[in-house]
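Observations on the model geometry
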Amino acid sequence: MIRSRRTTASAALAGAAAIALIATGCSTATDPGAEGGEITLTVATFNDFGYTDELFAQYEAENPGVTIVHNRAATSNEARDNFFTKLGAGSGLADIEAVEVDWFAEMMQYSDRLADLSDPAVADRWVDWKTAAATDAEGRLVAYGTDIGPQAVCYRADLFEAAGLPTDRDEVAALLEGDWDRYFEVGQQYVDASGAAWFDAAGAIYQGMINQVEYAYEEADGTVIATENPEVKQIYTEVLTASENLSAHLAQWSDDWFAGLSNGAFATMLCPGWMLGVISGNAPDVTGWDVANVFPGGGGNWGGSYLTVPAQGQNIEEAKKLAAWLTAPEQQMSAFAAAGTFPSQVEAYESTELQEATNEYFNGAPVGQILIERSQAIEVAPFKSVKYFPINDALQRALTRVDVDGTDTIDSSWELFVADVNAL
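So, how was this worked out
- Residues numbered from 1 in each chain as written.
- Predicted model: local features only at pLDDT ≥ 70, side-chain atom pairs only at ≥ 80, totals over all residues.
- Heavy atoms only, no water.
- Helix = DSSP H or I, 4+ residues; strand = E, 2+ residues; numbered from the N terminus.
- Buried < 20%, exposed > 50% of the residue type's maximum accessible area, 1.4 Å probe, protein only.
- Areas by Shrake-Rupley, 256 points an atom, 1.4 Å probe, with all protein chains shown as cover.
- Lys, Arg positive; Asp, Glu negative; His and termini not counted.
- Charge placed at Lys NZ, Arg CZ, Asp CG, Glu CD.
- Salt bridge = Lys/Arg side-chain N within 4 Å of Asp/Glu carboxyl O.
- Contact = heavy atoms within 4.5 Å.
- Pairing = 2+ DSSP bridges.
- Disulfide = S-S within 2.5 Å.
- Core = buried A, V, L, I, M, F, W, Y, C linked by side-chain atoms within 4.5 Å.
- Axes fitted to C-alpha atoms, helices over the stretch in contact; angles between N-to-C directions.
- Parallel < 35°, antiparallel > 145°, perpendicular 65-115°, else oblique.
- Left-handed = near helix turned anticlockwise from the far one by under 90°.
- Nonpolar A, V, L, I, M, F, W, Y, C, P; charged D, E, K, R; others polar.
- Phe/Tyr/Trp six-rings, centres within 6.5 Å; stacked < 30°, edge-to-face > 60°.
- Lys NZ or Arg CZ within 6 Å of the ring centre and 35° of its normal.

The helix and strand inventory of the protein chain stands at 19 helices and nine strands. Within the protein chain, the fraction of its 424 residues that count as buried is 57%. Carbon and sulfur atoms make up 49% of the accessible area of the protein chain, which totals about 17000 Å². For the protein chain, the distance from the average position of its 21 positive side-chain charges to the average position of its 63 negative side-chain charges is 6 Å.

Now the structure itself:
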């Protein structure tokens, strides 16, 4: 039987636990499944990895005696809090834990607390940079890559039509081709014609823009430059200025934001592949969503994750087997079909199945080809060291105070951000 539940944890506890990692020992791992007994494997993910009940049922059918319990956190932040709290405690983590790329470098500091997943059977399975990032200083592969997040633009064709804008995805791509100024310019045309919002939130647009900057918050040697980098301040100011007229002022992952996917609260949003499943899963009755093969500024990647097997677990060998199966090209194609999570597996890119994949919900859009081309357009891989996540989180809070809460001005919220970074 497969069960799902939400997991939450305290950010304050997570911070304390991360400090305690140095002094905390980890439990001895055993493998009851090695003797053929009945075992339960827990899998902890967040958002939507495309791991359906049917996919887990397939594995259970192929591996008698194994039962899978899927615990899914609502957000990456919740998953991070839970992960570091229990990693520090030395117990309580799932047999398989998903880790998001924005806090992956932070996790790699404690790679000795994760099982070594090196296996000739999975050699060369992933794009090189995905494997390199998951290999620690001792040469241990401690995580299996799941997806990457090449971005396109999702839009409501019905709202575009009502505002007198083109609705055909190729025409929309041509309309939006160019830099961020062009995206905002077309957005103003939409707002003038409709009186409604162009995009969901400043935080989402900022993320798309900052992911095109190689060294935003830290230099290659780890020196923090976030508060002094003029490019960061410029993007922050630009997106908040645009948001005054163009934003729906809805914090991503809030109840109002989820409702906005259905009720037409905004006409466009930035769409990494994994966002396709979020939209279709939360606005199932909407027929107007489509996706255009375009992204302001050229290309960008948002997100992407890994699966790890904590060394504190009691079913390590069986967990490694399941993690390898979930990240095999075949299962990644199943996840892509279910949630749009774009594979990081080289073999998948050569498959006709991916190249010809369409998405009925998005008006039959050729999402496979679109995301392949969007991945090829990515020119910059942002440097993300151990401080990336807390700095970016502080910046997102600064954006929220202005765009969503309306409690601060652009300048005053920036000053609070500077204070937060200095306090790290």
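This is not the end of the story, as more comes after the structure.
In this structure the tally under the stated criterion is 12 salt bridges. For R401, the salt bridge goes to D408, with nearest N and O atoms at 3.4 Å. Classification of D408 by relative accessible area gives partly exposed; the value is 21%. Through salt bridges with shared partners, one network takes in R80, D81 and E106.

This part is about helix α17 (residues 367-376). What α17 keeps buried is the set V367, G368, I370, L371, I372 and R374. Turning to α17, the residues buried within the fold contact β5 (144-156), α12 (273-282), β7 (289-292), α14 (329-339), β9 (342-343) and α16 (352-355).

Counting buried residues along strand β8 (residues 301-308), eight of its eight residues qualify, which places the element largely inside the surrounding structure. With four bridges joining them, strand β4 (residues 96-100) and β8 adopt antiparallel strand pairing. Bridge pairing in β8 places V99 opposite Y306. Examined bridge by bridge, β5 and β8 share four bridges and lie antiparallel to one another.

Quick reminder: α-helices carry 3.6 residues per turn. Residues three or four places apart thus point the same way. Among the nine residues of helix α9 (residues 202-210), nine are classified as buried, and the element is accordingly described as predominantly covered. Of all the positions in α9, only A202, G203, A204, I205, Y206, Q207, G208, M209 and I210 are classed as buried. Looking at the buried residues of α9, the elements they touch are β5, α8 (180-194), α10 (230-246), β6 (268-272), β8 and α18 (388-403).

Moving on, we get to the state of the cysteines. Covalent bonding between the sulfur atoms of two cysteines is what defines a disulfide. Tallied over the entire structure, the rule returns one disulfide. For C154, the disulfide goes to C271, at an S-S distance of 2.1 Å. Between C154 and C271, the disulfide has an S-S torsion of -120 degrees and is therefore left-handed. Taken together, the residues span a long stretch of sequence, with C154 in strand β5 and C271 in strand β6 at a distance of 117 residues. This pair shows no difference in class: C154 is buried, exactly as C271 is.

In terms of nonpolar packing, the biggest core is built from 52 residues, with W198, Y206, Y217, Y236 and F417 touching the most fellow members. The contact partners of F417, leaving out residues within four places of it in the chain, are A226, T227, I391, A394, L395, A398 and R401. The next biggest cluster of nonpolar side chains, apart from the first, holds 47 residues, and it includes L41, M107, Y110 and A115.

Turning to the packing of α9 against α18, a few remarks are in order. The N-to-C vectors of α9 and α18 enclose an angle of 140 degrees; their axes lie 9 Å apart at closest approach. In terms of orientation, α9 and α18 fall into the oblique class. The way α9 lies across α18 gives a crossing that is right-handed. Touching A202, G203, Y206, Q207 and I210 of α9 are Y388, N392, L395, Q396, L399 and D403, all from α18. Here the residues of the contact of α9 with α18 sort into six nonpolar, four polar and one charged.

Time to look at the side chain of T75. Tracing the backbone shows T75 in the loop between β3 (66-73) and α3 (76-89). Residues in contact with T75, not counting those within four places in the same chain, are F46, N47 and W253.

This brings us to the packing of aromatic side chains. Here the structure, examined in full by the defined rule, presents 34 aromatic pairs. Between F184 and F199, the aromatic rings sit 6.4 Å apart at their centres with planes inclined by 55 degrees, giving tilted as the arrangement. Residue F184 is found in helix α8, and its partner F199 is found in the loop between α8 and α9; the two are separated by 15 residues along the sequence. Take F199: its relative accessible area is 0%, and that puts it in the buried class. An aromatic cluster of at least three residues, connected via ring pairs, comprises Y155, F160, W180, Y183, F184, Y190, W198, F199 and F295. The ring centre of Y306 lies 4.3 Å from the NZ or CZ of K130, which sits over that ring. We note R156 situated over the ring of W289; from NZ or CZ to the ring centre the distance is 6.0 Å.

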